[in-house]
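Analysis of the macromolecular model
Here is how the chains run, residue by residue.
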Amino acid sequence: MNTARTELRDADTSTGAGVLEARLIDIDRKKFAGDVWGRAALLTRSASDFSDLLSADAVDELISRRGLRAPFLRVAKDGSTLPDSAFTSAAGIGATISDQLDDTALWRTFADGATLVLQALHRTWEPIADFSARLSGELGHPIQANAYITPPQNRGFDDHYDVHDVFVLQIEGTKRWIIHEPVHADPLRDQPWTDRRSMVAEAAKGEAYIDTVLEPGDALYLPRGWLHAAQAQGEVSIHLTLGIHNWTRYALAEQLAQSALAALRDDPEMRATLPLGVDGPADELDLIRERLGAAVSTADSAPLFHRTRRSQARPAPLGPLEQLRAVRNLEPGTSVRLRESLEARLEGSRLTTRVGWLDFDEAALPSVSRLLDGEARTAGDLGVELVERLMRAGVLIPADQ
């Protein structure tokens, strides 16, 4: 079993560039943000060597040795997705799980031309989890990572568009990508390509915006809504798709409306029953518009935004045994820091994070506030009792962890 950890190549610290500039694009971040982000497809040749993120050996290990279950893998052939029962089976003695991946069934299916899709690798493969967390932090949007393993001369899916932006990273082999401009720009999460199947099929017959073969190290950025189809060439193709689950103005408008409606619940006149014998809403709409407009103008959707944002990802991994040792060995000279990816915010006297919330008295607030910059500090500087409480809550970890 291959249990060696792959060292993740770092961003270019000499220039201050993050993983976006250092590994995915050959233009600077400002130009990408102004000319490309959400607007146009971008092909970057030889963007980086992505072998530290995934490899054929890693794919084999994930499928045959990690005990993954059906939600972490899809199988597609001839444009359709196979049922889970076609490639899962019972786990055997000691594990009453009926839907673990069946590597023999997957081998036969793959050899017969099916594409294997390893899903949510940001949760199951450490190098990709680390890379995804860094990129998500830079972009400000959640990221999901899937890998597509396609046999020679096969394609897993027909022409379609995604409802999220993607970065496609070619890992091994080659794959031809045919890209067309959108038939429905900036689709929302509930506006899938299947709602416009005929328009997509017709547009795919036209001249391509990009028609190219991706080679290992190439990167392709596609905004949501851009049509695409891909086919492996003369060898097995492995590519990684980083799906960017975009925050949109519409999503913020939804949250603003929810906050306004919540406020209207406290308005007795809005809770009142409509008049007896009312024939329709026309007579009431002026009052409702007035109250709703006033509620929207004063609503604060920030708490709902941050609560939703916290729910869309998980904090950095926390080893229970290592954390217990750290708590037991805690002393004034122990150096600690904020656990990464917590989405920690101090709202008044309450610290809200992805792992829950904690209330503090006035005397502790300056120390808690200092922790939010992520810098390492000693327990003695912050207060040993405070640090122990935050470590037990899973908020602080040893600085060298």
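Above this text you will find the structure in question.
A brief report on the enclosed structure follows. Just so it is clear, the model here is predicted, and its values are computed rather than measured.

A look at the nonpolar core
Of all hydrophobic cores here, the largest spans 44 residues; its most connected members are Leu-54, Leu-118, Leu-121, Phe-167 and Leu-240. If we skip the residues at most four places from it in the chain, Leu-240 touches Leu-53, Leu-121, Ile-128, Ala-145, Asn-146, Ala-147, Phe-167, Val-168, Leu-169 and Ile-171. Judged by nonpolar contacts, the second largest core, of 21 residues, contains Ala-326, Leu-330, Leu-365 and Leu-382.

Concerning helix H15 (residues 384-392)
All buried positions along H15 are accounted for by Leu-386, Val-387, Leu-390 and Met-391. Down the axis, H15 shows its buried residues gathered within 130° of arc, on one side only. Residues of H15 that are exposed and angled more than 90 degrees away from the buried face: Glu-385 and Arg-392. Gly-394 lies just past H15 and shows a positive phi near 80°.

Describing a negative patch on the surface
A contiguous patch of negative charge, built from Asp-57, Asp-60, Glu-172 and Glu-235, is present on the exposed surface. Considering the arrangement of structural elements, one finds Asp-57 in helix H3 (residues 56-64). On the basis of relative accessibility, which here comes to 54%, the residue Asp-57 falls in the exposed class.

Looking at the pairing of strand E11 (residues 219-222)
Neither face of E11 is open: one carries Ala-219 and Tyr-221, the other Leu-220 and Leu-222, and all of them are buried. Bridge analysis of strand E8 (residues 165-172) against E11 gives four bridges, and the strand direction is antiparallel. Within the sheet, the bridge partner assigned to Leu-169 lies in E11 and is Ala-219.

As for the sheet that holds strand E7 (residues 143-150)
One open sheet holds the eight strands; their spatial order is E1-E11-E8-E13-E7-E6-E2-E3, and the pairing between them is antiparallel. For this open sheet the edge positions go to strand E1 (42-44) and strand E3 (80-81), each flanked by a neighbour on one side alone. Sheet topology note: the strand E2 (residues 73-77)/strand E6 (residues 115-118) ladder contains four bridges and is antiparallel. Within E6, the position partnered with Ala-76 by the bridge is Thr-115. Each of E2, E6, E7, E8 and strand E13 (237-244) is contacted by H3, which is oriented at about 80° to E6, the strand it contacts most.

Quick notes on the pairing of strand E14 (residues 335-338)
Here two bridges tie E14 to strand E18 (residues 377-378), and the two strands are oriented antiparallel to one another. Bridge pairing in E18 links Ser-335 to Thr-378.

Details of the sheet that holds strand E17 (residues 356-359)
Strand pairing in a sheet relies on backbone hydrogen bonds, with the paired strands running either antiparallel or parallel. Read across the open sheet, the three strands follow the order E15-E16-E17; overall the sheet is antiparallel. Edge positions in the sheet fall to strand E15 (345-347) and E17, since each has one partner strand and no second. Here the average twist between neighbouring strands, direction ignored, is 25°. The pairing of E15 with strand E16 (residues 350-353) spans three bridges and is classified as antiparallel. Opposite Arg-345, over in E16, you have Thr-352 as the bridge partner.

Let's talk about a nonpolar patch on the surface
Together, Leu-261, Leu-285, Ile-288, Leu-292 and Val-296 make up a nonpolar patch on the protein surface, roughly 340 Å² of accessible area in all. Sort the elements by how many residues they give to the nonpolar patch and helix H10 (residues 282-298) lands first, with four residues. Turning to its location among the elements, Leu-261 is positioned in helix H8 (residues 249-264). Taking the relative accessible area as the measure of exposure, Leu-261 reaches 48% and is therefore partly exposed.

Structural notes on the packing of H8 against H10
Where H8 contacts H10, the axes come no closer than 8 Å and their chain directions differ by 120°. At the point where H8 passes H10, the crossing takes the right-handed sense. On the side of H8, the interface is formed by Leu-256, Ala-260, Leu-261 and Leu-264, while H10 contributes Arg-291, Leu-292, Ala-295 and Val-296. Of the residues belonging to the contact of H8 with H10, the class tally is seven nonpolar, no polar and one charged.

Quick look at the packing of aromatic side chains
Going through the model one piece at a time under the given rule, you end up with seven aromatic pairs. A ring pair is formed by Phe-32 and Tyr-221, whose centres lie 5.2 Å apart and whose planes are at 70°; its orientation type is edge-to-face. In this pair, Phe-32 is assigned in helix H2 (residues 29-36) and Tyr-221 in strand E11, connecting sequence segments 189 residues apart. The same class applies to Phe-32 and to Tyr-221, which are both buried. Relative to Tyr-221, the ring of Trp-37 lies with its centre 6.2 Å away and its plane at 20°, an arrangement referred to as stacked. Here the residue Trp-37 occupies a position in the loop between H2 and E1, and Tyr-221 occupies one in strand E11, the gap between them amounting to 184 residues. You can call Trp-37 partly exposed: its relative accessible area is 22%. A network of ring pairs unites the aromatic residues Phe-32, Trp-37, Phe-167 and Tyr-221 as a single cluster.

Section: the side chain of Thr-241
Topologically, Thr-241 is positioned in strand E13. On the basis of relative accessible area, Thr-241 is assigned to the buried category, the value being 11%. Side-chain polar atoms of Thr-241 contact the side chain of His-239, separated by 3.2 Å. For Thr-241, the contacting residues outside a window of four places in its chain are Gln-144, Ala-145, Asn-146, Tyr-148, Val-166, Phe-167 and Val-168.

Section: the side chain of His-160
For His-160, the position within the fold is in the loop between E7 and E8. According to the relative accessible area criterion, His-160 is buried, its value standing at 14%. In terms of polar contacts, His-160 uses its side chain to reach the backbone carbonyl oxygen of Asp-158, at 2.7 Å.

Criteria and cut-off values
Residues numbered from 1 in each chain as written. Predicted model: local features only at pLDDT ≥ 70, side-chain atom pairs only at ≥ 80, totals over all residues. Heavy atoms only, no water. Core = buried A, V, L, I, M, F, W, Y, C linked by side-chain atoms within 4.5 Å. Buried < 20%, exposed > 50% of the residue type's maximum accessible area, 1.4 Å probe, protein only. Contact = heavy atoms within 4.5 Å. Helix = DSSP H or I, 4+ residues; strand = E, 2+ residues; numbered from the N terminus. Arc of directions from axis to C-beta. Patch = residues over 30% accessible without salt bridge, like charges linked within 9 Å, V, L, I, M, F, W, Y side chains within 5 Å. Areas by Shrake-Rupley, 256 points an atom, 1.4 Å probe, with all protein chains shown as cover. Salt bridge = Lys/Arg side-chain N within 4 Å of Asp/Glu carboxyl O. Lys, Arg positive; Asp, Glu negative; His and termini not counted. Charge placed at Lys NZ, Arg CZ, Asp CG, Glu CD. Pairing = 2+ DSSP bridges. Axes fitted to C-alpha atoms, helices over the stretch in contact; angles between N-to-C directions. Left-handed = near helix turned anticlockwise from the far one by under 90°. Nonpolar A, V, L, I, M, F, W, Y, C, P; charged D, E, K, R; others polar. Phe/Tyr/Trp six-rings, centres within 6.5 Å; stacked < 30°, edge-to-face > 60°. Polar contact = N/O pair within 3.5 Å; in protein donor to acceptor, adjacent residues only side chain to side chain.

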